[in-house]
Amino acid sequence: MVKVNENFLKLPGSYLFSEVARRIRVYGETHPGAEIIKLSIGDVTRPLVPAVITAMHSAVDEMGTAESFRGYGPEQGYEFLREAIAQGDYAARGVNIQPGEIFVSDGAKSDCGNIGDIFGVENVVAVCDPVYPVYVDTNAMAGRAGEYQEELGRWNRLVYMPCVEENGFSPDPPKGHVDIIYLCSPNNPTGAVISREKLKAWVDYANASGAVILYDSAYEAFITSENVPHTIFEIEGARTCAIEFRSFSKTAGFTGNRCAYTVVPMELERGGVKLNTLWNRRQCTKFNGVPYVVQRGAAAIYTSEGRAQIMANIDYYRENARVIREGLTKAGLTCFGGVDAPYIWLKTPDGVGSWDFFDQVLDRANVATTPGAGFGPSGEGYVRLTAFGGAEATKTAVERVCGMFR
Ligand code: PLP
């Protein structure tokens, strides 16, 4: 009889978001008049900008005539988009990334998960705690995480790097050896960013030890602070140790459109093999490219009007983040993040547990949050709030939560 991949059987149920949804549903059923505002959503709510819509419409028209119709595109993405990314996201910041180092894909989630295909199963993997769950679960599926320890809420072969108040929610390189390091800046869920100095320490660690950094900057567009790197390739030495993941999801509202990209520099080699060659082989074998229409839409954000339009949407979310952060701080609560990220990491008052606080806020303010404990053991005592909602609803939600502490 066929054997299933037993690593899947070790995965704990996807508890966090389904449990959040369940509690909101049950509350709504038992309190029919309650108008619940969700500061728990991780999805964008602003529509696609006009420049993207226009580009996509004309691409659809191109697909309608025999002369300009396109079938399969290049697995790595169309040259027009790779070139626009190399110029707009890298050359514009003084960073040299060539189109051949850029792989356009259908999502940073898929890429963060699929990248494991090019690494051996015996590698030791380090993740932040709390963490975007995709890094952990995909390594568990591949057999790289060992056994799940229910009582500790962690896998025994993963190295967890606590991201806590004391280290500014930003981990330092470990004393011991790890092979694959997942870093995420701006961070989901804490909203923290990794400083230039700390990122340099990570790059030095990886180059000295032969490790590879998998750098997720899906929220790069939210960076406002001066000294925060927008890409790991601003750091000297990163071209020999890092892979970067970027996404149009939060930058340009593409969560339903699906487009992202991954950068694998030509100099990055391990065991005498170029990782660019391996990733290219992997993508050509298992992936057939992003739709032409979608790539035309993505390319439109690199025009000056497209750029201005998407930044207006980012500013809308940033203002929500400010309203949440400042409102809750005034009410005496302790908030982190929300400056260079759409996420606010709220410390629960008086050491209340994440889930208890979630229930209290849902009941007394009719506001939904996401319990920090669901992102890893070090998330206990926090909840995550997001800035992706409507401006009015966000203000109302903040007033209601503040009302709990008057
Ligand atoms: N990386 C992080 C840290 C995220 O939070 C998310 C989405 O929530 C993604 C990647 C997924 O991006 P995409 O929509 O491109 O798959």
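So, a few notes on the structure that sits alongside this text. Since we're looking at a predicted model, the values are computed, not measured.

**Description of the site of the ligand**
And step 1. The full set close to the ligand counts 14 residues, and A108, D216, Y219, S247 and S249 are the nearest of them.
And step 2. Here a nitrogen atom of the ligand sits 2.7 Å away from a polar atom, N or O, in the side chain of D216.
And step 3. The side chain of S247 places a nitrogen or oxygen atom 2.6 Å from an oxygen atom of the ligand.
And step 4. Within the complex, 90% of the 400 Å² of free accessible area of the ligand lies under protein.
And step 5. Taken atom by atom, the bulk of the ligand overlaps the largest pocket.
And step 6. Looking at the shell around the ligand, the elements that each hand over two or more residues are helix 4 (108–114) and helix 7 (249–252).
And step 7. Partitioning the shell around the ligand into residue classes produces 6 nonpolar, 4 polar and 4 charged.

**Considerations on the sheet that holds strand 10 (residues 260–263)**
And step 1. With mixed pairing, the 7 strands of this open sheet are ordered in space as 2-10-9-8-7-3-6. Either end of the sheet is taken by a strand with one partner, and the two such strands are strand 2 (102–105) and strand 6 (158–162). Strand-to-strand twist of the sheet, defined as the mean angle between neighbouring strand axes without regard to direction, takes the value 20°.
And step 2. Helix-sheet contacts for helix 8 (residues 275–286) involve strand 2, strand 8 (212–216), strand 9 (242–247) and strand 10, and the interaxial angle to strand 2 is about 25°.

**Examining the pattern of salt bridges**
And step 1. The full count for this structure, using the stated rule, is 23 salt bridges.
And step 2. Between K274 and E269 there is a salt bridge, with the nearest N and O atoms lying 3.4 Å from each other.
And step 3. By relative accessible area, K274 is classed as partly exposed at 32%.
And step 4. Put simply, E19, R22, R23 and D359 are held in one network by salt bridges that share partners.

**Structural notes on the sheet that holds strand 13 (residues 334–337)**
And step 1. The strand order across the open sheet formed by 4 strands is 13-14-17-16, and the pairing between neighbours is antiparallel. The sheet terminates laterally at strand 13 and strand 16 (370–371), the two strands that pair on one side only.
And step 2. Relative to strand 14 (residues 343–347), strand 13 runs antiparallel, the two being bridged by 4 bridges. Each residue of the ladder has a partner; that of T334, found in strand 14, is K347.

**Let's talk about the nonpolar core**
And step 1. With 64 residues, the main nonpolar core has I181, L183, I213, I232, F233, F248 and C259 as its most contacted residues.
And step 2. Discounting chain neighbours no more than four positions away, the residues touching I213 are I181, L183, W202, V203, A206, I232, C241, A242 and I243.

Calculation notes
Residues numbered from 1 in each chain as written. Predicted model: local features only at pLDDT ≥ 70, side-chain atom pairs only at ≥ 80, totals over all residues. Heavy atoms only, no water. Near = heavy atom within 4 Å. Polar contact = N/O pair within 3.5 Å; in protein donor to acceptor, adjacent residues only side chain to side chain. Areas by Shrake-Rupley, 256 points an atom, 1.4 Å probe, with all protein chains shown as cover. 1 Å grid on protein atoms, 1.4 Å probe; cavity = no way out; pocket = protein on both sides within 12 Å on 5 of 7 lines; lining within 4 Å. Sits in = over half its atoms within 2 Å of the grid points. Helix = DSSP H or I, 4+ residues; strand = E, 2+ residues; numbered from the N terminus. Nonpolar A, V, L, I, M, F, W, Y, C, P; charged D, E, K, R; others polar. Pairing = 2+ DSSP bridges. Axes fitted to C-alpha atoms, helices over the stretch in contact; angles between N-to-C directions. Contact = heavy atoms within 4.5 Å. Salt bridge = Lys/Arg side-chain N within 4 Å of Asp/Glu carboxyl O. Buried < 20%, exposed > 50% of the residue type's maximum accessible area, 1.4 Å probe, protein only. Core = buried A, V, L, I, M, F, W, Y, C linked by side-chain atoms within 4.5 Å.

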